[in-house]
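Here's the letter readout for the chains.
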Amino acid sequence: MFERVLEEIKAHDRIIIHRHSNPDGDAIGSQVGLKHIIRENFPEKEVYAVGDDAKRYSFMADSTMDTVADELYEGALAVILDTSAKSLISDERYTKAKTTLRMDHHIFCEKIADFEVTDTSYESCCGLVAAFAMECGLKLNPISAKSLYTGMITDSGRFRYDSTTAQTFRVAAFLMEQKFETLDIYRNLYADDYSRIKLRAEFVLKIRFSQKNVAYIYTTLDEAAATGADTFTISRGMVNTMGDIRGVDIWVNFTETEDGVLCEIRSSKYNINPVAVKHGGGGHAKASGATLKDRAEAMELLSELEELLEE
């Protein structure tokens, strides 16, 4: 599966790595991890990582994105990581590259690149990139290993989600052969300021339940502005405040923005991905998202999630 990836990396002197916008730990981790794998094994090559700011994942080493001029795409290989749809890619200039390659672990939605490597058996794109290094006999360094391990932690929910498999731990063990502090990762990911803990408590009090017991939170544009928090924190950051409620198998977080209603859907039991895809989104079987037009569409999606409980 990884032979073509290695061939394309070897065939190009310049590699520019993209991932999805509003990055999570897996997007940043896979991007930084692959960048340093290539640099470690092919020091003669130019390797860049581009995209919007890492925001809450800026604690990760080398997570500040590179400034890349348009002309550098000429003759380059653009690698797109952790992205299921073209509309989600941060920095559209990947289309200017000579060759494009995607590595992803989401459910396939559309062809993005000249060459596609997608495998949903991996809990994270970081796991996929680490397996690429492992199977191709490539060397790691502490930055690449720590970055990839961080993304595996975030996308597996600290190895709690059922996407975690024996494969996950084999890859994690491979990464941990490098020296890095796991405690440092967990402290940065899960230690919160009091203000963030207070915000989470406020969102817990906003939880509502549909007639069929789908848990949901709806945050209006004014309510979002009043929190003083960024959109990522309110949307993806708060969805799992509903994740451990006994008797709740599906939960969804709606957040109004100037560009529409962000929708983060999660389930411990059901495949909610088709509902997200129907509304122009995508993701995984039990963790997907979409951007909706308005509150009316949000309530329509909520009804469709209720229908899953009847099947």
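Residues numbered from 1 in each chain as written. Predicted model: local features only at pLDDT ≥ 70, side-chain atom pairs only at ≥ 80, totals over all residues. Heavy atoms only, no water.

(A) Spatial organisation of the overall build of the chain. Looking only at helices and strands, one finds 11 helices and 11 strands in the chain. By the compact-globule yardstick of 19 Å for 311 residues, the chain fits well, its C-alpha radius of gyration being 19 Å. Seen along its three principal axes, the alpha-carbon backbone of the chain occupies a region of about 60 × 40 × 40 Å. Taken over 311 residues, the chain has a buried fraction of 53%. Counting contacts in the chain only where the partners sit at least 6 residues apart, residues at least 24 apart contribute 63% of the total. When the accessible area of the chain is evaluated, it comes to approximately 14,300 Å², of which 48% is carbon and sulfur surface. (Helix = DSSP H or I, 4+ residues; strand = E, 2+ residues; numbered from the N terminus. Rg over C-alpha atoms; globule rule 2.2 N^0.38 Å. Buried < 20%, exposed > 50% of the residue type's maximum accessible area, 1.4 Å probe, protein only. Contact = heavy atoms within 4.5 Å. Areas by Shrake-Rupley, 256 points an atom, 1.4 Å probe, with all protein chains shown as cover.)

(B) Representation of the sheet that holds strand E11 (residues 287-292). With respect to topology, six strands assemble into an open sheet ordered E6-E7-E8-E9-E11-E10, the strand pairing being mixed. Edge positions in the open sheet fall to strand E6 (208-209) and strand E10 (282-283), since each of these has one partner strand only. Where strand E7 (residues 215-219) and strand E8 (residues 250-257) come together, five bridges link them in parallel fashion. Bridge assignment links Thr219 to a residue of E8, and that residue is Thr255. Running at roughly 175 degrees to E8, helix H11 (residues 295-310) makes contact with E7, E8, strand E9 (260-267) and E11 of the sheet. (Pairing = 2+ DSSP bridges. Axes fitted to C-alpha atoms, helices over the stretch in contact; angles between N-to-C directions.)

(C) Quick look at the side chain of Asn41. One can find Asn41 in helix H2 (residues 25-41). Of note is the side chain of Asn41, whose polar atom sits 2.8 Å from the backbone nitrogen of Lys139. The contact partners of Asn41, leaving out residues within four places of it in the chain, are Leu138 and Lys139. (Polar contact = N/O pair within 3.5 Å; in protein donor to acceptor, adjacent residues only side chain to side chain.)

(D) Quick peek at the environment of Tyr186. With respect to the helices and strands, the residue Tyr186 is situated in helix H6 (residues 182-190). Its relative accessible area of 25% is what places Tyr186 among the partly exposed residues. Along the chain, Tyr186 and Ile153 lie 33 residues apart, while their C-alpha atoms are 8.8 Å from each other. Residue contacts for Tyr186: discarding those within four places in its chain leaves Tyr149, Ile153, Arg158, Phe159 and Ala191.

(E) Region of interest: the nonpolar core. Ranked by size, the top nonpolar core spans 49 residues in total, and within it Met103, Phe132 and Leu175 carry the most contacts. The greatest single-element share of this core, amounting to eight residues, is contributed by helix H3 (residues 125-135). Grouped together as the second largest cluster of nonpolar side chains are 20 residues, Val252, Val261, Leu302 and Leu305 included. (Core = buried A, V, L, I, M, F, W, Y, C linked by side-chain atoms within 4.5 Å.)

(F) Quick look at the packing of aromatic side chains. All chains considered together, the criterion is met by eight aromatic pairs. Taking 6.4 Å as the distance between ring centres and 45 degrees as the angle between the ring planes, the aromatic pair formed by Tyr57 and Phe59 counts as tilted. Judged by relative accessible area, Tyr57 falls into the buried class, the value being 8%. Classification of Phe59 as partly exposed rests on a relative accessible area of 27%. When the ring of Tyr149 is compared with that of Phe180, the centres are 5.5 Å apart and the planes differ by 55 degrees; the resulting orientation is tilted. On the criterion of sequence distance, the pair formed by Tyr149 in helix H4 (residues 142-156) and Phe180 in the loop between helix H5 (166-175) and H6 is long-range, its members being 31 residues apart. By relative accessible area, which is 7% here, Tyr149 ends up buried. Its relative accessible area of 16% is what places Phe180 among the buried residues. Among the aromatic residues, those joined into a ring-pair cluster are Tyr149, Phe159, Phe169 and Phe180. The ring of Tyr57 has Arg56 sitting right over it, with the charged end atom 5.1 Å from the ring centre. (Phe/Tyr/Trp six-rings, centres within 6.5 Å; stacked < 30°, edge-to-face > 60°. Lys NZ or Arg CZ within 6 Å of the ring centre and 35° of its normal.)

(G) Quick peek at H11. Given a rise of 1.5 Å per residue, 16 residues ought to cover 22 Å, and the 24 Å separating the end C-alpha atoms of H11 matches this to within 8%. Among the residues making up H11, those that are buried are Glu297, Ala298, Leu301, Leu302, Glu304, Leu305, Glu306 and Leu308. Close packing links the buried residues of H11 with E7, E8, E9, helix H10 (273-278) and E11. (Expected span 1.5 Å × (residues − 1).)

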